[in-house]
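Topology and contacts: notes
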Amino acid sequence: MFNYLFAALLLALTLIPPAFAQDPLTVSPQSSRLMLNEHFNYRVVNANLQVESIAINEPQRWLSPEELQDHNYAGERPNVWGVVPLFNRSNAPLTLHLHFGDPYLEQVGVYLLDKNGQIESSSISRFSTPLLQRNYLSHEQILPVTLPANKIVWLAVSVQQWPEQMPSIGLWQPGDLQLRLQQQQTALGVNAGILILLALAAAVSARLFGSRLLISFGGLTLTFTLSLLSHSGIWITYFTPYSPDIAAELKVYISQLLILALSWFIWEWSRFRFKFSRFNRIGYAVMMVAIALTILLPWLSEPWRLASVSWQINALLLWGGVVIGRSLQKQPVAGHKWQTVLMVLTIISAWLLVSPRYNPIWEGLSGLLLYSGLTLVTTMFLLALERYRFSRLVQRISNLKRNRKILRRRLWRILKRTGEGWFRVNPDGSIKQVNRQMIKILAAHSLKQIQMHWPKGFSIEGQRQLVSIERLDGRKVWLDIELFPDNTGRMADVTKRMEAEVHLNFLAHHDAVTGLLNVREFRRLLQSRLDRKRQPALPLFVLMVCRLLRIKRVLTAVIRPYYS
């Protein structure tokens, strides 16, 4: 008899529709944060399905977290439901905040259900609601939920999103959540500020060096900044708090701009590494395709926009891998290993940021780490490019110095064969080197003899001067000495020219026969004395006129013998 009763009891238990055979999650006032994604059971349904029809007592319809990632849904964006039992072990109702990691969710809902699936409380939030009208003042979706004391309830969450893009969902204490959001805002603001400064630094450096690679890197850094502000939701807080839909519309365009900037940067990188080759032409074609798709983007529907962005970023990932692989086979340049590693990290960061399937990993704490990593990689990449530019600049300077020395040596060889005296001086003015013609001008035998006779060199006023010096053989000569800024000098013997100028000056003022002053010079002197007489402060002068009688007889007697 007892066996029949036990069998009937088992049959009755099997006929009762049980809820999930899942242990409830225990929460208390000491629970600061509880991530629910790994505890949820999921169901993907049409967006019009109400909470009363989700059937929490039918476990065969629900998916595990691993099954959700492999779930394919055809049609418009569905509702993803997640349910988990919760137990508040405290003796008073506990109010917690449910935080959704993705700020661009169209609609989210939170429901508390009893064990039979009846609604005890609910809260719904839409993305289009302005920030000031939301339950919690934040660009992310945050909904309050109050758990009854000492009771097990079912927490049902509704998210309108694709299954593979399910955001992170956490149950937070209000104070801890507020502190976490403030830290997130500060970290994102610091990263955005650093990226903007890096873009400005790249632009200034590009202007100094005239590098198109640095210009493209600055554009890529700027689009990274816009993507950071857009994907993290900070854009909504600071630019469109009253119209969040504008940020949602701009998100796909900013992603397209990032793709365009990345394709330009990869093309400039290939031009930098390969100069003129087929990789340049392929990279140019890839960039032209990105430009064409950017122009066509406003005329595409939302599914086609997402498909276009996903296809482009995957194609750029493959093309970047080909360029980097070919770069490793080329002749290495200064810092090429670091540049290649950072190029890989930059492309992967852009791929993770833009790719719709991997967008959810940029949420929460992992998002802050990835944003900080992106800023660090960008900083190191700019430093690597600047290091390469600096090494190239140092190499060019060394080449210029070497060429300058070569040219100076060749010029000196030429100057040694000229008819002028050339010399070099030390910083203190002493003579360092002379050519043969200068030794001949100074009547010396060697450089050492000149250095002993003129230990301090030649002192002149200005850069050029006529100097009268005494040669080593005792003869006084006139020298035209000129010094140049590069510590070289020129010397020419102008003694004959100076003597000719002195003789011409004498003939211009004296009679050639008698050696006396001529009439022109006499009149000039007389006029100057008369002018002085008009000034009382100057002393007077005396003019004596003598008349010589019979001077003609004297001249005739003297000159006649020469004509006879």
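Scroll up for the structure.
Okay, so let's go over this structure. Note that the coordinates shown come from a computational prediction; the quantities given were computed from them, not determined experimentally.

This next bit is on the nonpolar core. Residues Phe224, Leu262, Ile266, Met343 and Phe381 are the most contacted members of the largest nonpolar core, which totals 54 residues. When residues of this core are traced back to their parent elements, those giving at least two are helix 3 (174–209), helix 4 (212–232), helix 5 (234–238), helix 6 (244–274), helix 8 (302–329), helix 9 (336–354) and helix 10 (364–416). Examining the composition of this core, we find that 12 residues originate from one element, helix 6, more than from any other. Apart from residues lying up to four places away in sequence, Ile266 is in contact with Leu316, Trp319, Gly320, Val323, Met343 and Ile347. Residues Leu86, Phe100, Met166 and Leu171 belong to the second largest nonpolar core, which totals 29 residues.

A contiguous nonpolar patch, built from Val204, Leu208, Phe209, Phe390, Leu393, Val394 and Ile397 and spanning about 660 Å² of accessible area, is present on the exposed surface. Looking at the nonpolar patch, the elements with two or more residues in it are helix 3 and helix 10. No other element matches helix 10, which puts four residues into the nonpolar patch. With respect to the helices and strands, Ile397 occurs in helix 10. Judged by relative accessible area, which is 38%, Ile397 ranks as partly exposed.

Moving on: the pattern of salt bridges. Using the criterion set out here, one finds 12 salt bridges in the structure. Measuring nitrogen to oxygen at the nearest pair gives 3.6 Å for the salt bridge that ties Arg305 to Glu249. Taken as a pair, Arg305 in helix 8 and Glu249 in helix 6 lie far apart in primary sequence, 56 residues in all. What makes Arg305 buried here is its relative accessible area of 14%. Close ionic contact of Glu521 with Arg524 constitutes a salt bridge, the shortest N to O distance being 2.3 Å. On the criterion of helical spacing, the pair formed by Glu521 and Arg524 is a turn pair, its members being three residues apart in helix 14 (residues 519–533). Under the relative-accessibility criterion, Glu521 is labelled buried at 9%. Because the salt bridges share partners, they merge into one network encompassing Arg464, Asp480, Glu482 and Arg490.

The pairing of strands in a sheet comes from backbone hydrogen bonds and takes either a parallel or an antiparallel form. Spatially, the five strands line up as an open sheet ordered 12-11-15-14-13, and their pairing is antiparallel. The sheet is open, and its two borders are formed by strand 12 (431–434) and strand 13 (464–470), each paired with just one other strand. Averaged over all neighbouring strand pairs, the angle between strand axes comes to 30°, with direction disregarded.

Here the focus is the sheet that holds strand 10 (residues 169–172). Across the sheet, which stays open at both edges, the four strands sit in the order 2-10-5-8 with antiparallel pairing between neighbours. Sheet topology places strand 2 (33–35) and strand 8 (142–147) at the edges, where each strand pairs with a single neighbour. Taken pair by pair, the neighbouring strands of this sheet meet at an average axis angle of 25°, ignoring direction. Here four bridges tie strand 5 (residues 94–100) to strand 10, and the two strands are oriented antiparallel to one another. Bridge pairing links His97 to Trp172 in strand 10. Set on the sheet, helix 3 makes contact with strand 5, strand 8 and strand 10; between it and strand 5 the angle comes to about 30°.

Rules used in this analysis
Residues numbered from 1 in each chain as written. Predicted model: local features only at pLDDT ≥ 70, side-chain atom pairs only at ≥ 80, totals over all residues. Heavy atoms only, no water. Core = buried A, V, L, I, M, F, W, Y, C linked by side-chain atoms within 4.5 Å. Buried < 20%, exposed > 50% of the residue type's maximum accessible area, 1.4 Å probe, protein only. Helix = DSSP H or I, 4+ residues; strand = E, 2+ residues; numbered from the N terminus. Contact = heavy atoms within 4.5 Å. Patch = residues over 30% accessible without salt bridge, like charges linked within 9 Å, V, L, I, M, F, W, Y side chains within 5 Å. Areas by Shrake-Rupley, 256 points an atom, 1.4 Å probe, with all protein chains shown as cover. Salt bridge = Lys/Arg side-chain N within 4 Å of Asp/Glu carboxyl O. Pairing = 2+ DSSP bridges. Axes fitted to C-alpha atoms, helices over the stretch in contact; angles between N-to-C directions.

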